[in-house]
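Coordinates in review
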Amino acid sequence: MSERKKTIPTILSALLCLMMAAAAVSCTTLGITKDEKGKEVLTSSIEAYNHAFRWEDYTAAAVFVPSGKKEQFWKEVDYFKKKIKIIDIRIRDIDHVEDSTTATVVLHAQYYRPESPTLETVTFSQKWFFSEKEKGWQIGQSGYQEISKQPSGM
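The present account deals with the structure reproduced in this document. All figures in this text were calculated on a predicted structure; none of them were measured in a lab. (Residues numbered from 1 in each chain as written. Predicted model: local features only at pLDDT ≥ 70, side-chain atom pairs only at ≥ 80, totals over all residues. Heavy atoms only, no water.)

Further remarks concern the nonpolar core. Ranked by size, the top nonpolar core spans 32 residues in total, and within it Tyr49, Phe53, Phe73, Trp128, Tyr144 and Ile147 carry the most contacts. For this core, the secondary-structure elements that each account for two or more residues are helix H2 (39-54), helix H3 (58-62), helix H4 (70-83), strand E1 (85-95), strand E2 (102-113), strand E3 (116-131) and strand E4 (136-141). In terms of residue count, the dominant contributor to this core is H2 (six residues). Beyond its immediate stretch of four places on either side in the chain, Phe73 contacts Tyr49, Phe53, Tyr58, Ala61, Ala62 and Val65. (Core = buried A, V, L, I, M, F, W, Y, C linked by side-chain atoms within 4.5 Å. Buried < 20%, exposed > 50% of the residue type's maximum accessible area, 1.4 Å probe, protein only. Helix = DSSP H or I, 4+ residues; strand = E, 2+ residues; numbered from the N terminus. Contact = heavy atoms within 4.5 Å.)

Written as structure tokens, this is what we have:
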């Protein structure tokens, strides 16, 4: 049964990565359009990043991290791997003005700490920006620090 629980998220993550790769290939062959900065592509990027982070597929999540923030990202990952397990994460709101290259996202997460398995919840924000260089949405601030600084049992 444990093998099956691990297999399903792995398959879902692989499918998500394949879809993201197909989108990237289509962007490079067709060129970036105004629509690719839009809310639909932003929403897909937000979902892909947070889904990968939740399922501990950190390599897939790292695709959305700008090169100057990779070290900080991997330090955060190392902390989460040892101390926090995210059960659920949902988008509550996306604040994005059409044609804007920035967005703020409000998320709601449920998680627990293995040393104290009490289900906890937190609402936090993420900052996103559209990178012309990378031709896609990238995360500026993950907001996951809100979870890591929450005292256990709150």
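From this point, the discussion proceeds with the structure in view.
To continue, consider the sheet that holds E1. What the four strands build is an open sheet, ordered E1-E2-E3-E4; its pairing is antiparallel. Of all the strands in the sheet, the pair left with one neighbour each is E1 and E4. The average undirected angle you get between the axes of adjacent strands in this sheet is 30 degrees. In the sheet, E2 pairs with E3 via 11 bridges, with the strands oriented antiparallel. By the bridge assignment for E3, His108 is matched with Thr123. (Pairing = 2+ DSSP bridges. Axes fitted to C-alpha atoms, helices over the stretch in contact; angles between N-to-C directions.)

When the terminal C-alpha atoms of H2 are compared, their 22 Å separation across 16 residues agrees well with the 22 Å that a helix rising 1.5 Å per residue should span. Buried residues of H2: Leu42, Ser45, Ile46, Ala48, Tyr49, Asn50, Ala52, Phe53 and Arg54, and no others. The first or second residue beyond H2 is Glu56, which carries a positive phi of 60 degrees. (Expected span 1.5 Å × (residues − 1).)

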